[in-house]
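Summary of structural features
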Amino acid sequence: MTGTTAHTERRAAFRALHDAGRNGRPLLLPNAWDHASAAALAARGHPAIGTTSLGVAAAAGRPDGIAATAAETLALARRIARLPLLLTVDVEAGFGEDPATVAGYVSELAGLGVVGINLEDGRPDGTLADPDGTADTIAAVKAAVPDLFVNARTDAWWLGVADPLPQGLARARIYRSAGADGIFVPGVVDEVTLRVLTGRIDAPVNALYQPGGPSVAELGSAGIARVSTGSLLFRAALAAALDTADVVRSDGVVDPAGLPSYAEVQGLAAAAGA
């Protein structure tokens, strides 16, 4: 099987996971921030994972959301793509203003075997980008890699704009017309709103899992096809590390139950054939 054929089949498999997710059992897409977290998630049986832009940026000592991690994101995708999983990558707003430049960058990701991307319309200053400009970028990416799953993210809720539903629906229509395969609506936890979105958007709708919000089953009942964890796993891991350090500092006893061993962590590198 050629590399091109394999990439095509993997993208079709990723699309099929979304189609299955629209039947009340959403695709749970955990988000990794480095090779070890991706390999561990693959070992737990997750068929597909995404990257988290916050986790990738924080791990690299850079801020999120200002197009500062294009090189780090590409390098991470190159490592994770060797794992037995389907990988979609968060590229923020595309790491560039020019649609052709963004399409070139995404084509490089696709050449590694990446099956999808997240492309957002939030801007670093906390406003929403012009939807037509975002649509131009989506169209350029789809022209370059037609079978790549483009998950267009609208930040109408995430940024707290006034009356987000009309804006979100309008942007979803524009992005779908440009070729987006899915629509991501982070920040929506109200099940009535979720049902409106899934009923009026003619594509798989992606929600962000938020502690205290709807469960995956409840999101599925609202018609959500894909549930992402975003930066949650990275932040939970950081919190666990801090808690463990506090236990050690206070002369407490760290419970070894559930901790991966040195050998198990070493094995994560072997999982990629390193």
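Below is a short write-up of the structure.

The rules behind these values
- Once a new chain begins, its residue numbering starts again from 1 and follows that chain's sequence as written.
- This being a predicted model, a pLDDT of at least 70 is required before a residue's local features are given, and a value of 80 or more before pairs of side-chain atoms are given or counted; all residues contribute to the totals for chains, interfaces and linings.
- Only hydrogens and water are removed before side-chain values are computed, so all heavy atoms of the structure are retained for them.
- Only protein chains enter the area calculation, which uses a 1.4 Å probe; residues under 20% of their type maximum are buried, those over 50% are exposed, and those in between are partly exposed.
- Elements are defined by DSSP. Helices are runs of H or I of four residues or more, strands are runs of E of two residues or more, and each kind is numbered from the N terminus.
- For two strands to be treated as a pair, DSSP must find no fewer than two bridges joining them.
- Handedness of a crossover is defined as follows: with both strands directed away from the viewer, a clockwise route from the first strand across the helix to the second makes it right-handed.
- Here a pair means two rings of Phe, Tyr or Trp (six-membered ring of Trp) with centres within 6.5 Å. Their orientation is stacked below 30 degrees between planes, edge-to-face above 60, and tilted elsewhere.
- Within this scheme, the nonpolar core is defined by two criteria: the residues are buried Ala, Val, Leu, Ile, Met, Phe, Trp, Tyr or Cys, and they are joined through side-chain atoms within 4.5 Å.
- Two residues form a contact once any of their heavy atoms are found within 4.5 Å.
- Patch criteria: residues need more than 30% relative accessible area and no salt bridge. Like-charged residues are merged within 9 Å; nonpolar side chains of Val, Leu, Ile, Met, Phe, Trp and Tyr are merged within 5 Å.
- Note on areas: Shrake-Rupley, 1.4 Å probe, and residue coverage restricted to the protein chains presented here.
- A side-chain nitrogen of Lys or Arg and a carboxyl oxygen of Asp or Glu constitute a salt bridge if their distance falls within 4 Å.

1. Considerations on the pairing of strand 3 (residues 48–51)
Burial along strand 3 is two-sided: Ala 48 and Gly 50 and Ile 49 and Thr 51, pointing in opposite directions, are all buried. Alignment of strand 2 (residues 31–32) against strand 3, held across two bridges, turns out to be parallel. Bridging across to strand 3, Asn 31 finds its partner in Gly 50. Considered for its hand, the β-α-β crossover made up of strand 2, helix 2 (residues 35–43) and strand 3 is right-handed. Alignment of strand 3 against strand 4 (residues 86–90), held across three bridges, turns out to be parallel. Residue pairing for strand 4: Gly 50 is matched across the bridge by Thr 88.

2. What to know about the packing of aromatic side chains
Ring pairs (aromatic) are described by centroid distance and by the angle formed between their planes. In this structure the tally under the stated criterion is three aromatic pairs. Between Phe 14 and Phe 149 the ring centres are 5.6 Å apart and the planes differ by 80 degrees, which places this aromatic pair in the edge-to-face class. Here Phe 14 is found in helix 1 (residues 3–21), whereas its partner Phe 149 is found in strand 6 (residues 149–153), with 135 residues between them in sequence. A centroid spacing of 5.5 Å and a plane angle of 70 degrees characterise the contact between Trp 33 and Phe 234, whose relative ring orientation is edge-to-face. Of this pair, Trp 33 sits in the loop between strand 2 and helix 2 while Phe 234 sits in helix 10 (residues 232–249), and the two are 201 residues apart along the sequence. For the pair Trp 33 and Phe 234, one class covers both residues: buried.

3. Description of the nonpolar core
Core analysis: the largest hydrophobic core is formed by 55 residues, its most contacted members being Leu 109 and Ile 117. Here this core takes six residues from helix 5 (residues 99–112), the largest share from any one element. If near-sequence neighbours (up to four positions away) are discounted, Ile 117 is found in contact with Thr 88, Val 89, Val 91, Val 106, Leu 109, Val 141, Leu 148, Phe 149, Val 150 and Asn 151.

4. Observations regarding a nonpolar patch on the surface
Taken together, the side chains of Val 248, Val 254 and Leu 259 make up a nonpolar region of the molecular surface, amounting to roughly 250 Å² of accessible area. Structurally, Leu 259 is set in the loop between helix 10 and helix 11 (262–270).

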